[in-house]
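Chain by chain, the residues run as shown.
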Amino acid sequence: MSESQLPSTARLVVGVSGSPGSLTALVRAADEARRRGAELWPVHAWEPPGGELSARRSPAAAYLVPEWERLARERLLDALCDVFGSAGSGLPGQPLVIRGAPGPALVRIADREDDVIVIGAGRRGRLRRALRSSVGRYCLAHADCPVLAVPPSPLQAALEAAHRRNVLRLRLDTGRLEREFDSVPPGD
C-alpha cells in the first residue's frame, strides 16, 4: 500500500488557552481520543497584544515576537502539565502553538473529515458576547468536521462565586460550598 493510500488517523484538535474551560475541554478531548483510538492535538493560538494590525505598526513588535511565542509555548506546556502531570497524556499527537486567532487556527488545523474540534464552552453574558467573539461559534460556522463544545465544570460556577465574594470581602458560606461540592458526581 503506498503512502497516499494509508488511512488517515482521526485527530481531536482541542483549543487550549489555560482557562478552566479549556482545561475541561482538554480532559474531555483526551478521553475521546482514547475511546476512538485517535491522536490528540492540543493547540494554543496566540495573537500579539493589541492584535496583528497593532503589531505591524510597532517597530518593537519584531523584537518581542520571539518572547510572545515563548510565553505561548509555556502556557500550553503548563496547561498540559496541569491536566496530565509530568507523565504526559500517553496519546499520539502533537501540541501546537500557532500565531493567529483561535477560531480560524483550529478550523485550519482540523482539515480532515474525520477530525473533531473540541472547545470549552464557557459561561458568557450578553456584554462579553458583544465585546468578544466566540471561538465556539466561529468553529461551528466554519469547520468542515464535527465540533464538540464542552460545558464548564459545575464547580467552576461555585469557584467564581467564591472569588466574587472574596473580592467584595463578603463572608464565605462554607456550608453551602460543601453541599455544592458533595452534589457533584465523582470524576468531574
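Before any of the text, the structure's been laid out above.
A short tour of the structure in this document, coming up. (Residues numbered from 1 in each chain as written. Predicted model: local features only at pLDDT ≥ 70, side-chain atom pairs only at ≥ 80, totals over all residues. Heavy atoms only, no water.)

### Section: the pattern of salt bridges
Reasoning step 1: Tallied over the full model, the rule gives eight salt bridges.
Reasoning step 2: The closest approach of N and O atoms between Arg34 and Asp31, which form a salt bridge, is 3.7 Å. On the criterion of helical spacing, the pair formed by Arg34 and Asp31 is a turn pair, its members being three residues apart in helix α1 (residues 20–36).
Reasoning step 3: With a shortest N-O distance of 3.0 Å, Glu32 and Arg36 are connected by a salt bridge. (Salt bridge = Lys/Arg side-chain N within 4 Å of Asp/Glu carboxyl O. Helix = DSSP H or I, 4+ residues; strand = E, 2+ residues; numbered from the N terminus.)

### Thoughts on the pairing of strand β4 (residues 116–120)
Reasoning step 1: In terms of burial, β4 is a largely internal element, four of the five residues being buried.
Reasoning step 2: Bridge analysis of β4 against strand β5 (residues 147–150) gives four bridges, and the strand direction is parallel. For Val118, the partnering residue across the bridge sits in β5 and is Leu148. (Buried < 20%, exposed > 50% of the residue type's maximum accessible area, 1.4 Å probe, protein only. Pairing = 2+ DSSP bridges.)

### With respect to the sheet that holds strand β2 (residues 39–46)
Reasoning step 1: Taken together, the five strands give an open sheet; going across it, the order is β3-β2-β1-β4-β5, and neighbouring strands pair in parallel fashion. A strand with exactly one partner marks an edge of an open sheet, and here the two such strands are β3 (96–99) and β5. Averaged over all neighbouring strand pairs, the angle between strand axes comes to 25°, with direction disregarded.
Reasoning step 2: Its contacts with the sheet place α1 against β1 (11–15), β2, β4 and β5, and it is angled at close to 175° to β1.
Reasoning step 3: Running over the sheet, helix α3 (residues 61–84) touches β2 and β3 and is turned about 140° from β2. (Axes fitted to C-alpha atoms, helices over the stretch in contact; angles between N-to-C directions. Contact = heavy atoms within 4.5 Å.)

### Structural notes on α1
Reasoning step 1: When the terminal C-alpha atoms of α1 are compared, their 24 Å separation across 17 residues agrees well with the 24 Å that a helix rising 1.5 Å per residue should span.
Reasoning step 2: Along its buried surface, α1 packs onto β1, β2, α3, β4, β5 and α7 (154–167).
Reasoning step 3: Remark: Gly37 follows α1 within two positions and exhibits a positive phi of approximately 70°. (Expected span 1.5 Å × (residues − 1).)

### Observations regarding the packing of aromatic side chains
Reasoning step 1: Summed over all chains, the structure comprises one aromatic pair.
Reasoning step 2: Cation over ring: Arg11 sits above Trp41, and NZ or CZ is 4.7 Å from the ring centre. (Phe/Tyr/Trp six-rings, centres within 6.5 Å; stacked < 30°, edge-to-face > 60°. Lys NZ or Arg CZ within 6 Å of the ring centre and 35° of its normal.)

### Quick word on the state of the cysteines
Reasoning step 1: Applying the stated criterion across every chain yields a total of zero disulfides.
Reasoning step 2: Between Cys139, a free cysteine, and Cys145, which holds the nearest cysteine sulfur, the sulfur-to-sulfur gap is 8.3 Å.
Reasoning step 3: Owing to a relative accessible area of 8%, Cys145 belongs among the buried residues under this scheme. (Disulfide = S-S within 2.5 Å.)

### Some thoughts on the side chain of Ser134
Reasoning step 1: Summarising the element assignment, Ser134 is placed in the loop between α5 (126–131) and α6 (135–142).
Reasoning step 2: Polar side-chain contacts of Ser134 include one of 3.1 Å to the backbone nitrogen of Arg137. (Polar contact = N/O pair within 3.5 Å; in protein donor to acceptor, adjacent residues only side chain to side chain.)

### Some details on α3
Reasoning step 1: Over its 24 residues, α3 extends 34 Å from the first C-alpha to the last, a length consistent with the 34 Å expected when each residue adds 1.5 Å.
Reasoning step 2: Within α3, the full set of buried residues consists of Ala61, Val65, Trp68, Ala72, Leu76, Ala79, Leu80 and Phe84.
Reasoning step 3: A positive phi of about 75° marks Gly85, the residue just after α3.

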